Amino acid sequence: MNALKSFWKNIASLWSLIVGLQVTGKAFCGPQVTVHYPRQTVGPEGLEGFRGHMELVPSVKDPAIPKCISCMMCATSCPSKCLTVVKQKEPKPTEEQLKAMAEAEARGEKVKKLSAPKNPAQFIYDFSLCSFCNTCVENCPVGSIRFTTNVYFATTNKADLQMNLVERLAKQAASGKTVPGEKPKKAAKTETAQSEA
Amino acid sequence: MTRTINPDYIRGDLYTQRFEQGKRENTLILNMGPQHPSTHGVLRVVLEMDGEYIVRAEPVLGYLHRMHEKMAEVKSYVGFMPNMGRVDYLHPLAWNWSYAGAVERLAGIEVPRRAEFLRVIATELNRISSHLLWWGAYLLDLGAFTPIMYAFEDREILMDILQRPTGARLTYSYFRLGGVGADMDERCLRQILDFVPYLRKKLPVYKDLVTDNVILRKRLEGVGDMDVDMCRRYGATGPILRGAGLASDTRLNETYSVYNEIDFDIPSFPETDAMARYMVRIREIEESLKIVEQAVAMIPEGEILIKGAPKPNWKAPAGEAYFATEGARGKVGVWVVSDGGKSPYRIKLRAPGFSNLSLFAEASQGTLLADAVAIMGSIDMVIPEIDR
Amino acid sequence: MNAIPIELIHIVIAIALVAGFVGLNGLVLVWVERKVAGHVQRRPGPYEVGPNGLLQPLADAAKLVGKQLFTPDGSDKLVFWLAPIVSFLPVMPMFLPMPFSPFLTAMEVNVGLVLILAFAGLNILALCLAGWGSNNKYGLLGAGRAVAQGVAYEIPLLLSVLAVCFMTGSLSLTEIVAAQGNWPWQWNWIYQPIAFILYFTCGVAETNRAPFDLPEAESELVAGFHTEYSGMGFGLFFLAEYAEMIVVCGVATALFLGGWKGPGAAGAWWFLLKLYVLLVIMIWFRWTYPRTRFDQLLNLCWKWLLPLSILNLLVTALVIKL
Ligand code: SF4
Ligand code: SF4
């Protein structure tokens with residue numbers, strides 16, 4: 001009796017094979033779910049939040065110049081050490097200025113030295129090291145650095161992964177393609193970060 | 001033409017040589033991996049085989065060792081978080097959580113309530129995606145090609161959902177010391193709520209296609225016994241332990257965060273075979289859906305990160321702390337020792353996969369090669385996590 | 001004196017045509033297989049090369065031909081390179097007695113079935129040689145599996161075929177088709193459903209297709225007997241596998257599904273239609289089921305298929321005698 005039962009069970013279990021065929025058959029007739037890449041692309045909706053490589057946010061006045069104040073917060077906090085910010089040198093005082101300064105010194109006044117422009121001379125970002133952790137964005141006091149949603153960045157040359165973001169921004173501005181930045185969201189946070197810097 | 005073959009080349013590397021000692025006559029030494037299709041990455045198993053039967057098996061680890069523990073000693077507390085997204089690429093949020101939890105315990109940081117719920121939601125979604133991928137890959141091991149594509153289809157939606165708050169699709173570093181990195185807005189929560197019934201509708205289809213399939217059942221039932229005693233001896237946790245019939249889960253047994261406010265079951269199956277472990281994971285997907293649904297309903301308004309959350313130059317108070325969470329593969333533990341400096345003095349990562357894999361050598365003895373593949377898959381290994 | 005007998009010319013032309021048919025069908029089947037796989041998995045499958053990816057198999061073939069032929073260290077060179085040829089060559093004569101239509105049969109042999117089955121047996125030898133010659137443990141295991149599986153499944157296959165031969169009283173495929181009617185319910189699969197199912201199951205196993213693809217089970221044996229083959233060595237095994245699928249399905253069509261006959265105009269196109277339906281079903285199996293285990297496979301054969309086929313044969317004989 002038991003043998004018969006198990007015999008029948010074995011036969012009956014073959015039904016599951018037909019059920020399986022039904023499932024795949026239905027999928028065969030159903031629509032496809034993939035995106036045919038070169039002909040179709042994922043819309044901006046699907047890219048929201050995607051972290052591509054970094055870019056600098058242009059300042060409000062000049063789209064070719066980043067908001068960045070070269071405070072080095074991002075470079076020091078980056079766990080992967082992939083950011084290098086080079087500050088601008090103080091500009092050489094012109095003849096007249098030198099003269100004025102010498103005069104001021106002779107008068108015993110406090111000499112006002114020329115200060116360097118705040119925006120960085122160079123901002124090198126190493127895409128090959130970045131871990132997309134968002135630390136730099138969170139720690140930037142002026143909101144000058146952000147992720148792009150560039151999913152299509154691909155290269156066969158390793159040197160392309162070393163990006164000079166200042167240059168990139170200038171190029172973008174020249175071609176009129178800059179994306180304006182938002183206001184830094186958290187005013188309070190910005191202040192504390194600035195004082196720390 | 002006579003050819004001389006270098007005798008060292010024949011003798012093989014250190015592992016093979018050691019392994020050969022004491023072998024029986026008439027056995028075949030087979031290197032499965034490190035580039036074998038079913039070892040999922042770079043695990044190597046040295047097998048001594050008698051025909052198709054396995055006499056002895058020995059996993060060889062370390063091909064993917066990336067010294068995460070050592071890296072912690074030179075990084076800041078905040079800067080170590082991205083590493084936690086890369087230890088176990090399938091369930092990174094559990095590692096995120098273990099690390100964040102350990103440091104928070106060390107520094108006595110209270111996490112805001114909304115952040116706790118966000119952590120629960122994100123981690124459970126991540127658990128589902130991890131189980132889905134395991135499901136597909138396991139069936140690939142067993143020779144069915146299609147399920148992994150279906151699994152990826154569902155996973156894709158999950159990744160889209162998680163991409164918006166976390167910014168990543170695979171190696172999340174979403175948690176922060178004292179909260180989470182970003183909020184989930186209304187749209188994101190609605191997407192999650194839409195996903196729950198979607199997957200619930202899909203699961204019966206998968207049951208029809210795979211779980212009920214007679215070929216699969218015949219291959220998994222009674223294969224690879226791992227009973228509670230064995231689990232205890234090797235320190236196995238997670239679905240393996242629950243597949244042995246012990247409903248043990250860190251989420252409830254050593255409850256953390258808000259899990260004790262959420263109503264869910266710990267699935268466990270007493271059969272101790274590969275099928276039991278399979279069923280545990282499938283049921284866990286359902287339970288995770290339940291958790292996500294409740295958590296989204298219960299989520300309060302409020303902060304997502306405490307005020308004055310640790311910055312990169314933050315110094316932890318001296319001391320040590322341990323925090324364990326339930327990952328998709330078992331208990332994920334992080335032990336942090338601090339000497340009061342900017343970076344941890346020592347971090348110990350307890351990877352569940354490491355303990356779980358040690359059961360393989362014993363469980364696979366005397367089985368067929370095909371069974372060994374089935375057992376190995378049922379352990380759900382993620383090699384980077386095992387090697388760390 | 002006519003030095004060249006007309007028969008010889010006939011055979012040479014037939015073999016040339018068969019070679020063309022096999023090659024073309026191989027390409028088409030690769031495309032069908034990948035398309036079915038794609039659609040079952042809800043993706044488009046090959047799409048880029050040619051309209052709807054139609055030229056993809058050609059590109060693949062060109063790639064295979066262009067690859068370096070690699071002979072592994074310590075392998076038995078002669079055996080190693082003999083194997084793919086032994087695997088592919090017997091495929092040609094198997095097509096000779098295939099009754100595409102009453103007028104389109106390459107060679108009328110009154111023991112056509114025996115011819116096909118005999119040459120089909122050679123494939124096992126090829127797999128065995130391949131596994132043995134390549135000096136690879138995975139290859140060896142695959143060869144062992146191939147032999148055990150091939151030998152085991154040959155028996156129920158033969159027995160189920162015999163049942164049909166008993167009914168018709170002939171071993172010629174053309175005659176067996178001729179004995180069947182025009183309508184589906186006049187075909188042999190109605191009279192011999194068990195033999196049909198048995199034959200098809202064994203056919204899947206004989207051609208090493210999933211769920212019985214144990215000799216090349218890639219998650220266990222990497223690629224089984226053809227682990228070490230590259231380029232056209234692999235390509236020949238591949239082509240032979242598809243050709244054997246066509247043979248198995250072609251014989252099934254002739255034996256059980258009425259061959260070229262069908263409602264309306266009978267002809268080769270009915271044969272091809274039925275052939276392709278069976279092939280697609282075979283492909284469909286592959287993309288649905290997990291793989292069986294080796295001992296289960298043999299158990300299935302010796303404990304279920306063999307007794308069933310013997311029983312079926314006895315019942316058939318009894319019914320015919322009455
Ligand atoms: S995302 Fe992280 S790793 Fe990348 S540049 Fe910013 S701080 Fe560095
Ligand atoms: S933190 Fe912001 S402002 Fe400071 S250097 Fe970096 S990008 Fe510039």
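Report on the accompanying structure. (Residues numbered from 1 in each chain as written. Chains lettered and ligands numbered in written order. Predicted model: local features only at pLDDT ≥ 70, side-chain atom pairs only at ≥ 80, totals over all residues. Heavy atoms only, no water.)

So, on to the overall build of chain A. Scanning chain A from N- to C-terminus turns up 8 helices and 5 strands. Put simply, chain A runs from its N terminus to its C terminus through helices and strands in the order α-α-α-β-α-β-α-β-α-β-β-α-α. The buried share of chain A, taken over its 197 residues, is 34%. In chain A, the share of contacts with a sequence separation of at least 24, taken over all contacts with a separation of at least 6, comes to 80%. (Helix = DSSP H or I, 4+ residues; strand = E, 2+ residues; numbered from the N terminus. Buried < 20%, exposed > 50% of the residue type's maximum accessible area, 1.4 Å probe, protein only. Contact = heavy atoms within 4.5 Å.)

Turning next to the overall build of chain B. Broken down by element type, chain B carries 16 helices and 8 strands. The dimensions of chain B, computed from C-alpha atoms along their principal axes, are 75 × 50 × 45 Å. Each of the 388 residues in chain B was classed as buried or not, and the buried ones make up 62%. Put simply, chain B shows about 14200 Å² of open surface, and 53% of that area lies on carbon and sulfur atoms. When the 47 basic and 51 acidic side-chain charges of chain B are each reduced to a single mean position, those positions are 5 Å apart. (Areas by Shrake-Rupley, 256 points an atom, 1.4 Å probe, with all protein chains shown as cover. Lys, Arg positive; Asp, Glu negative; His and termini not counted. Charge placed at Lys NZ, Arg CZ, Asp CG, Glu CD.)

This paragraph deals with the site of ligand 2. The full set of residues close to ligand 2 is Cys-68, Ile-69, Ser-70, Cys-71, Met-72, Met-73, Cys-74, Phe-123, Cys-140, Pro-141 and Val-142 of chain A. The residue makeup of the shell around ligand 2, split by class, is 10 nonpolar, 1 polar and no charged. (Near = heavy atom within 4 Å. Nonpolar A, V, L, I, M, F, W, Y, C, P; charged D, E, K, R; others polar.)

Here we take up unusual backbone geometry. Non-glycine residue Ser-70 of chain A carries a positive phi angle of around 55°. Relative to the assigned elements, Ser-70 of chain A resides in the loop between strand 1 (54-56) and helix 4 (73-77). The backbone of Arg-42 of chain C sits at a positive phi, close to 60°, despite the residue not being glycine. By the element assignment, Arg-42 of chain C lies in the loop between helix 1 (6-40) and helix 2 (56-66).

Quick look at the sheet that holds strand 2 (residues 83-86) of chain A now. All names here are of chain A. One open sheet accounts for 3 strands, arranged 2-3-5; its pairing is antiparallel. Looking at strand neighbours, the two that pair on one side only are strand 2 and strand 5 (162-164), the edges of this open sheet. If you compare each strand with its neighbour and ignore which way they point, the axes differ by 15° on average. (Pairing = 2+ DSSP bridges. Axes fitted to C-alpha atoms, helices over the stretch in contact; angles between N-to-C directions.)

Bringing the site of ligand 1 into the picture now. As a structural note, the neighbourhood of ligand 1 is formed by 14 residues, with Cys-78, Cys-130, Ser-131, Cys-133 and Cys-136 of chain A the closest of them. Within the shell around ligand 1, the residues separate by chemical class into 10 nonpolar, 4 polar and no charged.

This part takes up the pairing of strand 7 (residues 330-338) of chain B. All names here are of chain B. Taking burial as the measure, the 9 residues of strand 7 include 8 buried ones, the bulk of the element. Pairing geometry for strand 6 (residues 319-327) and strand 7, over 9 bridges, is antiparallel. Bridged to Thr-325 within strand 7 is Val-332. Taking the residues that link successive antiparallel strands as the turn, the strand 6-strand 7 hairpin has 2 residues. For strand 7 and strand 8 (residues 346-350), the ladder comprises 5 bridges, and the chain directions are antiparallel. Note on strand 8: the bridge partner recorded for Val-336 is Ile-347.

Attention shifts here to the interface of chain B and chain A. In this assembly, 27 residues from chain B lie in contact with 28 residues from chain A. Buried area between chain B and chain A, summed over both chains or domains, comes out near 2200 Å², and the portion from carbon and sulfur atoms is 52%. Contact with chain A buries area across many residues of chain B, yet Gln-163, Val-214 and Lys-311 of chain B alone supply 20% of it, more than any other trio. Linking chain B to chain A there are 3 salt bridges. Note that Arg-187 of chain B is salt-bridged to Glu-48 of chain A, the shortest N-O span being 3.4 Å. Summed over the shared surface of chain B and chain A, the number is 9 residue pairs in polar contact (both at pLDDT 80 or more). Listing elements by their share of the side of chain B that touches chain A, those giving two or more residues are helix 4 (81-87), helix 7 (146-166), helix 8 (186-211) and helix 9 (214-220) of chain B. (Buried area = accessible area lost by both parts, 1.4 Å probe. Salt bridge = Lys/Arg side-chain N within 4 Å of Asp/Glu carboxyl O. Polar contact = N/O pair within 3.5 Å; in protein donor to acceptor, adjacent residues only side chain to side chain.)

The interface is formed by 25 residues belonging to chain C together with 35 residues belonging to chain B. Note on chain C versus chain B: buried area summed over both sides is about 2800 Å², and carbon and sulfur give 58% of it. For the chain C face of the interface with chain B, the top three residues by lost area are Ser-219, Pro-290 and Arg-293 of chain C, together amounting to 21%. A salt bridge links Arg-145 of chain C to Glu-52 of chain B; the shortest N-O distance between them is 2.5 Å.

Leftover empty space is mapped by rolling, across the atoms, a probe with the size of a water molecule. Volume-wise, the second largest pocket comes out at about 1600 Å³. Along its surface, the second largest pocket is lined by 40 residues, and Leu-14 and Leu-17 of chain A together with Ile-197, Thr-201 and Leu-300 of chain C are the ones closest to its centre. Breaking the lining of the second largest pocket down by element, the ones donating at least two residues are helix 1 (2-12) and helix 2 (15-29) of chain A, helix 9 of chain B together with helix 9 (193-206), helix 12 (268-286) and helix 13 (294-321) of chain C. Among the elements that make up the lining of the second largest pocket, the one with the highest residue count is helix 13 of chain C (10 residues). Considering only residue class, the lining of the second largest pocket consists of 32 nonpolar, 6 polar and 2 charged. (1 Å grid on protein atoms, 1.4 Å probe; cavity = no way out; pocket = protein on both sides within 12 Å on 5 of 7 lines; lining within 4 Å. Points joined across faces, edges and corners; volume = space filled by probe spheres on them.)

Just geometry here; none of it tells us what the structure is for.
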